[in-house]
Each structure stands twice: as structure tokens, then as C-alpha cells.
Amino acid sequence: MNYQEFLGKVQRLGGFPGGEEARATVANVLMAVAEVLPQDQLNALALKLPPELLVYLRRTRPEPDPYFDSQLFLGWVVSGLDATGARDKSDGGLDLYATYSGDEAIRRCQCVFAVLKSLLEPGENRAMAGGLPDGVDAWFLQA
Amino acid sequence: MVTRLDPKIFDATADVTWCAGCGDFAVLKALKLALADLAIEQHQALVVSGIGCGSKLPDYMTVNGYMTIHGRPLPVATGVKLANPQMHVVVVNGDGDSYGIGGNHFVQACRRNPDITQIVENNQIYGLTKGQYSPTSDKGSITTTSPDGSIELAFNPMAVALAGGATFIARAFAGEPKHLAQLIAAGIQHRGYALIDVLQPCVTFNRVNTYDWYRKRVYHLEDEDYDASDRDAAWARAHEWEERIPLGVLYRVGGLPTYEDQVRALQDGSPVSRLFDLAKSPRPQQYERLKEEFF
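Residues numbered from 1 in each chain as written. Chains lettered and ligands numbered in written order. Predicted model: local features only at pLDDT ≥ 70, side-chain atom pairs only at ≥ 80, totals over all residues.

1. A few points about the overall build of chain A
At step 1: Helices and strands together make up the secondary structure of chain A, namely seven helices and two strands.
At step 2: Across the 143 residues in chain A, those meeting the buried criterion constitute 36%. (Helix = DSSP H or I, 4+ residues; strand = E, 2+ residues; numbered from the N terminus. Buried ≥ 20, exposed ≤ 12 C-beta atoms within 10 Å, placed from the backbone.)

Right under this line is the structure:
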């Protein structure tokens, strides 16, 4: 699968009107994945991806942070999408200008995960899920 | 040898109302890890906060907590420490609370050297009030209150802390919770005022200083031949920002008296220790006597 096909699949799965949203989603999810996967799994994933996406497989430190959890993972993804206006769930809808991007961020993660899974063997999928933080592994397996 | 506690003992049941992906989650986790690593139990710690998203943190921990008013956690924390020096006092607040309205207290804490630790959740924005520029917003930042770009030079907490006489100055990144936890623990162990400025993305209202933006710029001082006792070196590093941002302990000096050490009225013991024999369980009548003095 080449780069344009990869983006196109993500765009269709996500229902994004434009390619730029798909590109931003793919970039942010892959950067988050790079922060948590062990190096050997990252290397294995890199072999399956279009070369244009390898630039996103860089992490902050040489080793993954053991305390990098699902919230931190979402933070990378949420940064790349427009905040979704919605009624504030915590105050029972009293705040009309609340923003909540968590559900949409998870949905977009799963769009990218679905395409990644299609590139990997079943054993590789299980191994990748095992390298993801609690919660993120479930999003991956359910994608 | 200290037996590490389970960080889960600090978990609370309150619903967390931070945005999904907020950097405050990492600060919360790192603080729990630090307290657990130092074997500080729930009743031995007090978290004092101001007003803001990050200042909701005490609600999300099972530990003594005190939410004050905007900009005022430092004087409250100082007062608590004077009354009960055995309490581990940690201030948690945002850049607006600490460096804006709380700026005066910040400067005084630097020069007074009370034995408290301050964690500033620096997201370079006022988040709770939905996206106004803050003292640490970069010049030119376009926000709801700076539609043409901020015209102000950004506040430099590292440099101000160093000039103010702070004895422990560190910077961390919310995207590295393990390193953040280590710095918080070091700050708590430091005898004196400890500042940990945490670069913490606001995923909803600050779309410039994102996790990726920081990832491209941060580096660790401990990876270089850096001497944290060198004040001149610290001054130079305190001014690094645009291309390279140093993380780690920028400056540390030990052995200086704390504010509490020098208050003459405390020479016979703190107010709490004078009321209670802390080596034994306090008797109910002592509690009643204490309450009568305040109510």
C-alpha cells in the first residue's frame, strides 16, 4: 500500500471531507505510537509502512516512557484535530461552549489503527497491541 | 531503606473534568509516583492549589488538599509549613495563577526559601476561562484576547526564579512522565523552595505549543556535561527557548536555611508541635482546645 492509498483509506474510514484531516490524523497517531512501542516493534512496523510515514516514527527519548498512558496518547491525537463543540457532560449540559474531543480522538485513532492492522499479520497485531498502553490496546484491537 | 508505596493509594473517586489528553493527567500521575517513591503517606502530604484547570488537581487525589483563591496558594502553603513543618507541602497551580496574579507571591517565595515544592502546570494559556493569553504565552501568540498577536514579552520563570534566589529550579515536560516524577521527587527532597516548571500542552486552547512542538525542542541537561550548581551556566540555560529548551535541574544549592529555620517564634517548636506531642496520638481534648482558638 502506498502513501496516497494509506491516506485515502483513513479518509474514507473517518469520513473526512478533505485529505488534510486524514494526513494530520495519521501523523499524530503515528507520533503517539512511536512514543510507546518498544524499538523492535517500531522497527517491524516501519518495514510495513509507506516510506513517507517513517518521519513520524520518532520519539522524544531513546526509550519509551513506562508511564505513558492512554491520556497522554490521546493528547498527541487531540492536538491535531479541531475541538468539537458539545454540551458539557460534566455539568449536565449547562455550559454551552464546552469542548470535548476525546470521543472523536478515539474514533480517529481507530481509523488509523484499522489501516495499520490491515498491513500486519495477526501475530504482529497482537504484539503491537501488547506494546500499547492500557486502554489504547483495546482501541487497537476493536478497530 | 525506604519501602515504596503503591501510587494507587492516592487515587480518588471524583470525576476528572480535564479535557481528554490534557497534560495535567501526566502531572497528576507523576505527583502520585513521586509521593509513593518517597514513601510519603496520604496524611503526610498537603497539596495546595489556586484556580484554574490544573488547580483542580487536589480534588483528584486522596491526600490533604487545599484549594485557595486565584494566585494565592504560595502564602497559604508557607503558612501551613510554618504551623506544621513536618507536613510535606506541595503547591500545584498554572502559569496564570503562579506567574500572573500570583507573581508577587512567586518572587517572595524564591527569596524566602520556605521548604515547599511548587509544580507549575505551564501551558502558556488561560485554559479554564477558554483561551486567553497568559504571562508565558510567546510574543505574537494569537488568542481570544490577542487577535492581532500578543505584544508582550513572555515571562521567563526560570530566569526570575534564579534572580530571585530560588535554591532549586527545574523544568519538566508533561510528555515525559517518568522524568517529571523524578524531578518532583527531587524537589520534595530538596530542603527549601523548589520550583518545577512543567511544560504542559493545553490540547484544546493552545494549538501551537503541542506535544510535537515540545518534542522537537526539549533536551535533557543530564545528557550534557552540565553542573547545576553553576549559577552562571544556569542563567544562560534559563534563556534558551525558541530552538532548544532544557529539561532537568537547572540550578540547585543546598545547605541554606529555610524560612522556617529562621523564624525566632518557632525556635521552641512549631504551633502544632507545641499543642500536640507528635510522637504520641493526640488526645481529644487537645483537638478541642485547638478548635476553640480558631472558632
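And the narrative resumes.
2. Things to note about the domain arrangement of chain B
All names here are of chain B.
At step 1: Partitioning chain B into domains gives domain 1 (7–262) and domain 2 (265–295).
At step 2: In this structure, domain 1 and domain 2 have C-alpha centres spaced 32 Å apart.
At step 3: At the junction of the two partners, domain 1 supplies six residues and domain 2 supplies five residues.
At step 4: Classifying every residue of the side of domain 1 that touches domain 2 by side-chain character gives three nonpolar, two polar and one charged. (Domains from an automatic or database assignment. Contact = placed C-beta atoms within 7 Å. Nonpolar A, V, L, I, M, F, W, Y, C, P; charged D, E, K, R; others polar.)

3. Here we look at helix α4 (residues 103–112) of chain B
Residue and element names in this part refer to chain B.
At step 1: Three or more residues of α4 are buried, namely H105, F106, A109, C110 and R112.
At step 2: Contacts made by the buried residues of α4 are with α2 (73–83), α3 (95–101), α5 (157–164) and α9 (259–262).
At step 3: Looking one or two residues beyond α4, the residue adopting positive phi is N113, at roughly 60°.

4. Quick notes on the sheet that holds strand β7 (residues 218–220) of chain B
Residues and elements named next belong to chain B.
At step 1: One open sheet holds the eight strands; their spatial order is β2-β1-β3-β4-β6-β5-β8-β7, and the pairing between them is mixed. At either margin of the open sheet sits one strand with a lone partner, and together these are β2 (64–67) and β7. This sheet shows a mean twist of 20° between the axes of neighbouring strands, independent of strand direction.
At step 2: As defined by bridge partners, strand β5 (residues 168–173) adjoins strand β8 (residues 245–252) across four bridges and the pair is classed as antiparallel. (Pairing = 2+ DSSP bridges. Axes fitted to C-alpha atoms, helices over the stretch in contact; angles between N-to-C directions.)

5. Focus: the nonpolar core
At step 1: Judged by nonpolar contacts, the single largest core of 110 residues is most densely connected at I119, I169 and I184 of chain B.
At step 2: I119 of chain B has contacts with V27, L31, V90, V91, V92, I184, I196 and V198 of chain B, leaving out every residue within four places of it along the chain. (Core = buried A, V, L, I, M, F, W, Y, C linked by C-beta atoms within 7 Å.)

6. Some details on the pairing of β5 of chain B
Residue and element names in this part refer to chain B.
At step 1: When you tally the buried positions in β5, you get six out of six residues, the bulk of the element.
At step 2: Burial along β5 is two-sided: F168, A170 and A172 and I169, R171 and F173, pointing in opposite directions, are all buried.
At step 3: With six bridges connecting them, β5 and strand β6 (residues 194–199) associate as parallel partners. Paired with A172 across the bridge in β6 is V198.
At step 4: Tracing the backbone out of β5, into helix α6 (residues 177–189) and back to the parallel element β6 gives a crossover that is right-handed. (Right-handed = clockwise from strand over helix to strand, strands pointing away.)

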